[in-house]
Amino acid sequence: MLFSLTVFLWRLYRHLSIMFSSDRLTVPEYVSHRLQRGRAGSGSGSDPKAISPGISADVQAVLDSSVPALRSAINRLKSVKETSALDETRRAIAEIFQLVEEAWVLPAVGRQVAEEICNRIRLHGGLELLLQLQQTPAVEITYESAKLLEQILISENRDYVARMGLGVILNLTRQQEDAQLARSVSGILEHMFKHTEETSVQLISNGALDALLFWCRSTDPTVLRHCAVALANCAMYGGHRCQRLMIEKQAAEWLFPLAFSKEDELIRFHACLAVTVLAANREIEKEVVKSGTLELVEPFIASLDPDDFARSLLDSADSMQGRTASDLQHLLPLLDGTRVEGKCIAAFYLCVEASIKSRQRNTKIFHEIGAVQSLKRIVMYSSNGTVCALAKRALSMMGEEVPKRILSCVPNWKTCEVQTWLQQVGFSAYCDRFQELQVDGDLLLNITDQDLSSDLSMTTNLTRKRFLRDLRVLKTYANYSTCDPNNIADWLSEVDPRFRQYTYGLVQSGVDRNNVQSLTDQQLHHDCRIENGVHRAKILSASRKPFKLSDTDNQPSGPDVFISYRRTTGSQLASLLKVHLQVRGFSVFIDVEKLEAGKFEDKLIQSVQRARNFILVLSANALDKCMGDTNIKDWVHKEIAMALAAKKNIVPVTDNFMWPDPNSLPEDMRAILKFNGIKWSHEYQEATIEKILRFLNGRQEQTDGTGNSKEQKNK
């Protein structure tokens, strides 16, 4: 009875919350009532019914009432398809849609019930019917059948669509201008990019990725959310070939406006996830970094609370049950990788999932996928505060012991620090022997397999392998600043992050900037104790190249364009302008609130002064805070004044902007009203960008007076 009461209350809450939604299809009342009676009856004293193998009694109780209604709706859909009765077709689709939607949001058993219903739809011929309905000339049927298809694409149904209906989906992606259809098709692509690498390559080769990137400029939150998740899925499940194709099509750049969005945290999160997955691929890492999107990840994740984020997922049908073990396993390469952004978002994701899974009493899943050990390693070694705090929190939510942070200056460890490390990595049984032989940090960094076997009583070969694996991790994270004045550690990291483990051997052998170019393979092998021949070859190849010049010696030229905008109303347009210009070859500066206050101000001033062009985004009320700002505390005011003083090529871009009275603005920025402006058109973005390019390529002339500002509103 307790289960029945819980289901009933949840059903009532969901019914009240969605009954007035504009997205909801029109559904006959008797469908909902029939489903509710079936659920309430699961705790009654009626005769027990046979339960299908692998399905619990609670799940079977819901299915007993919903499957007959589902079968009836599918049969009617088959019959009316022959008669082309549009109203009856829409009613049947709506009934199936609500049965699926209500199943997904059931507490505790929702995933099992929904997946079983989705399977039944395929087995009863409903999936085949939906694919056929995508090709009907009746647009309303196309819209509603596409919306239902999006809801039922579980693993087995993705298999079916990949085999039998991928061409249908690809035809839908070609209707990019249809905003209503885009809401469902982008969601379908979100699911299909999780299928296989082969399917993802086929989708990309036939224009699906192009459609997603086109929709990235949309203002519809539903479309943007689907695009962000689809791009994250493509990066995570599509393999290296798809990641390379994403870079070729400039997906990293188009992820910027999604990650920069101030409207929806789910959009930003999945955009950040997509770009961090791409950056984890060393082959394309430089191109991803160049896009500028990666800079948005850490400050955004640091601003989120995992519990609040997890609660926000409860209203999302396909997220409220959390992710499967297979999905979560794709996070481990980020967690164990070298980039801070990847560790940051993976640790946060596991925090969110731990919050969801702890409610389901299913935290054992994290042990099964190996996430617990990776999180403990981060807590022990990471110097990044955000990553370390998230890893600690995730472990606590999982009910795991949180290890102590290991002091990073390993070469200076005393025997007591070695003892602590042994205990935390699971070698407590050998503490006495290490203590007896007075093994300190220096000796630990020099230990070999032979030492472990002959001196430290570690007789089992696999135990020694495990110890040496943990020692390699320690060497990689260690701080060598007290013994590495030439910063050989960072040089090795640039060659390959894994090579940082060889720092102590090189430093002890006397390697420095002056003699690194004369190293030989024999010296690396015997003196520096680098056993791996391939690693030695890579290090030798890198050593023949000169050390990089310092930043002061190799100062990059200024950006082509500096974009100034008001955060509250101009963020989306500013980010879109950045991408449109960047994919056309312009270097663009747009501040992302990453630097500390002092450094941020210095960098901002330098960027304005060094930029060749200055685009001013004049969104709604963009100049209001400038009025009366006599002390120049407002950043937009400061940037405009600097651009005017430096005689930059200034291009105002207006969007729902009302030009103010010149006398209301400070004198040092009034001249901005004398510049010709360009009115932004979201529907005709390409045409607007072409006009902006003409302004950038040929310095515009100032007008004679402020009277032309009125004319600008019509441009």
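Residues numbered from 1 in each chain as written. Predicted model: local features only at pLDDT ≥ 70, side-chain atom pairs only at ≥ 80, totals over all residues. Heavy atoms only, no water.

S.K.: Please give an account of the overall build of the chain that cites residues and values.
M.R.: Each helix and strand in the chain was counted, giving 39 helices and five strands. Within the chain, the fraction of its 715 residues that count as buried is 54%. Taking the intrachain contacts of the chain between residues at least 6 apart in sequence as the baseline, contacts between residues at least 24 apart amount to 72%. For the chain, the accessible surface area stands at approximately 32500 Å², while carbon and sulfur atoms represent 49% of it. (Helix = DSSP H or I, 4+ residues; strand = E, 2+ residues; numbered from the N terminus. Buried < 20%, exposed > 50% of the residue type's maximum accessible area, 1.4 Å probe, protein only. Contact = heavy atoms within 4.5 Å. Areas by Shrake-Rupley, 256 points an atom, 1.4 Å probe, with all protein chains shown as cover.)

S.K.: Go over the sheet that holds strand 1 (residues 561-564), please, and point to the residues and values.
M.R.: Ordered in space as 2-1-3-4-5, the five strands form an open sheet in which the pairing is parallel. Pairing within the sheet leaves two strands with one partner each, and these edge strands are strand 2 (588-589) and strand 5 (678-679). Where strand 1 lies against strand 2, two bridges are found, and the strand directions are parallel. By the bridge assignment, Val561 is partnered in strand 2 with Val588. Its contacts with the sheet put helix 37 (residues 635-645) on strand 1, strand 3 (613-618) and strand 4 (649-654), and the angle it makes with strand 3 is roughly 145°. (Pairing = 2+ DSSP bridges. Axes fitted to C-alpha atoms, helices over the stretch in contact; angles between N-to-C directions.)

S.K.: Pulling in residues and values, what's your account of the environment of Thr338?
M.R.: Tracing the backbone through its elements, the reader meets Thr338 in the loop between helix 21 (332-335) and helix 22 (340-359). By relative accessible area, which is 53% here, Thr338 ends up exposed. Sequence separation between Thr338 and Arg498 is 160 residues; the distance between their C-alpha atoms is 8.6 Å.

S.K.: Got a sec to walk through the pairing of strand 3? Specific residues and values, please.
M.R.: Strand residues, when the strand is regular, have side chains that alternate between the two faces of the sheet. With six of six residues buried, strand 3 lies mostly within the body of the structure. Where burial is concerned, the two faces of strand 3 agree: the one with Asn613, Ile615 and Val617 and the one with Phe614, Leu616 and Leu618 are both buried. Once the chain exits strand 3 it traverses helix 37 before rejoining the sheet at strand 4, and the crossover so formed is right-handed. (Right-handed = clockwise from strand over helix to strand, strands pointing away.)

S.K.: Before we move on, can you summarise the packing of helix 31 (residues 488-495) against helix 34 (residues 533-543) with the specific residues and values?
M.R.: Contact geometry for helix 31 and helix 34: axes closest at 10 Å, N-to-C directions at 110°. On the basis of the axis angle, helix 31 is roughly perpendicular to helix 34. For the pair helix 31 and helix 34, the contacting residues are Trp491, Leu492 and Val495 in the first and Lys538, Ile539, Ala542 and Ser543 in the second. In terms of residue class, the contact of helix 31 with helix 34 is made up of five nonpolar, one polar and one charged. (Parallel < 35°, antiparallel > 145°, perpendicular 65-115°, else oblique. Nonpolar A, V, L, I, M, F, W, Y, C, P; charged D, E, K, R; others polar.)

S.K.: Please give an account of the packing of helix 4 (residues 86-104) against helix 7 (residues 139-151) that cites residues and values.
M.R.: The contact between helix 4 and helix 7 brings their axes to 10 Å, and the two run at 20°. Accordingly, the angle class assigned to the pair helix 4 and helix 7 is roughly parallel. In this structure, helix 4 meets helix 7 at a crossing whose hand is left-handed. Counted together, Leu86, Thr89, Arg90, Ile93, Ile96, Phe97, Val100 and Trp104 of helix 4 and Glu140, Ile141, Glu144, Ser145, Lys147, Leu148 and Gln151 of helix 7 form the full contact between these two elements. Class assignment of the residues belonging to the contact of helix 4 with helix 7 gives a composition of eight nonpolar, three polar and four charged. (Left-handed = near helix turned anticlockwise from the far one by under 90°.)

S.K.: Account for the packing of aromatic side chains, naming residues and giving values.
M.R.: Counting across every chain of the model gives 16 aromatic pairs. Between Phe256 and Phe260 the ring centres are 5.2 Å apart and the planes differ by 20°, which places this aromatic pair in the stacked class. Placement of both Phe256 and Phe260 in helix 15 (residues 251-260) is noted, with a separation of four residues, approximately one turn of the helix. Both residues of the pair, Phe256 and Phe260, count as buried. A centroid spacing of 5.2 Å and a plane angle of 15° characterise the contact between Tyr381 and Tyr477, whose relative ring orientation is stacked. Separated by 96 residues along the polypeptide, Tyr381 in helix 24 (residues 371-381) and Tyr477 in helix 30 (residues 461-477) bring together distant segments of the chain. Residue class for Tyr381 comes out buried when judged on its relative accessible area of 8%. Directly above the ring of Phe256 sits Lys578, whose terminal nitrogen or CZ lies 4.2 Å from the centroid. (Phe/Tyr/Trp six-rings, centres within 6.5 Å; stacked < 30°, edge-to-face > 60°. Lys NZ or Arg CZ within 6 Å of the ring centre and 35° of its normal.)

S.K.: Before we move on, could you go through helix 10 (residues 179-192) and cite the residues and values that matter?
M.R.: The terminal C-alpha atoms of helix 10, which comprises 14 residues, lie 20 Å apart, in line with the 20 Å expected from a rise of 1.5 Å per residue. Taken together, the buried positions of helix 10 are occupied by Leu181, Ala182, Ser184, Val185, Ser186, Gly187, Ile188, Leu189, Glu190, His191 and Met192. Where helix 10 begins, the capping side chain belongs to Asp178, and its oxygen is found 3.3 Å from the backbone nitrogen of Gln180. (Expected span 1.5 Å × (residues − 1). Polar contact = N/O pair within 3.5 Å; in protein donor to acceptor, adjacent residues only side chain to side chain.)

S.K.: Tell me what's going on with the pattern of salt bridges, and back it up with residues and numbers.
M.R.: It is possible for side chains bearing opposite charge to pair when their charged atoms get close. Summed over all chains, the structure comprises 29 salt bridges. The closest approach of N and O atoms between Glu88 and Arg91, which form a salt bridge, is 3.8 Å. Of this pair, Glu88 and Arg91 both sit in helix 4, three residues apart, which is roughly one turn of the helix. When its relative accessible area of 26% is taken as the criterion, Glu88 is described as partly exposed. (Salt bridge = Lys/Arg side-chain N within 4 Å of Asp/Glu carboxyl O.)

S.K.: Residues and numbers for unusual backbone geometry, please.
M.R.: Positive phi values are uncommon outside glycine, yet Gln250 reaches one of about 65°. A relative accessible area of 28% places Gln250 in the partly exposed class. Even without a glycine there, the phi angle at Gln438 is positive, about 55°. Following the sequence through the fold, Gln438 ends up in the loop between helix 27 (431-436) and helix 28 (441-446).

S.K.: Before we move on, could you go through the state of the cysteines and cite the residues and values that matter?
M.R.: Within the structure shown, the criterion is met by zero disulfides. Not part of a disulfide, Cys227 finds its nearest cysteine sulfur in Cys216, a span of 4.7 Å. (Disulfide = S-S within 2.5 Å.)

S.K.: Could you give an account of the pairing of strand 1, naming the residues involved and the relevant values?
M.R.: Alternating positions in strand 1 separate into two faces, Val561 and Ile563 on one and Phe562 and Ser564 on the other, with burial throughout. Bridge count for strand 1 against strand 3 is four bridges, and the pairing is parallel. If you follow Ser564 over to strand 3, its bridge partner there is Leu616.

S.K.: Give a detailed account of the confidence of the model for the chain, specifying residues and quantitative values.
M.R.: Looking at the chain, pLDDT values average 85 and 86% of them are 70 or higher. Scored below 50 in pLDDT, residues 549-554 makes one contact in the model with residues more than four places away or belonging to other chains. The model gives residues 700-715 a pLDDT under 50, and that stretch makes 30 contacts with residues more than four places away or in other chains. (pLDDT = per-residue confidence, 0-100.)

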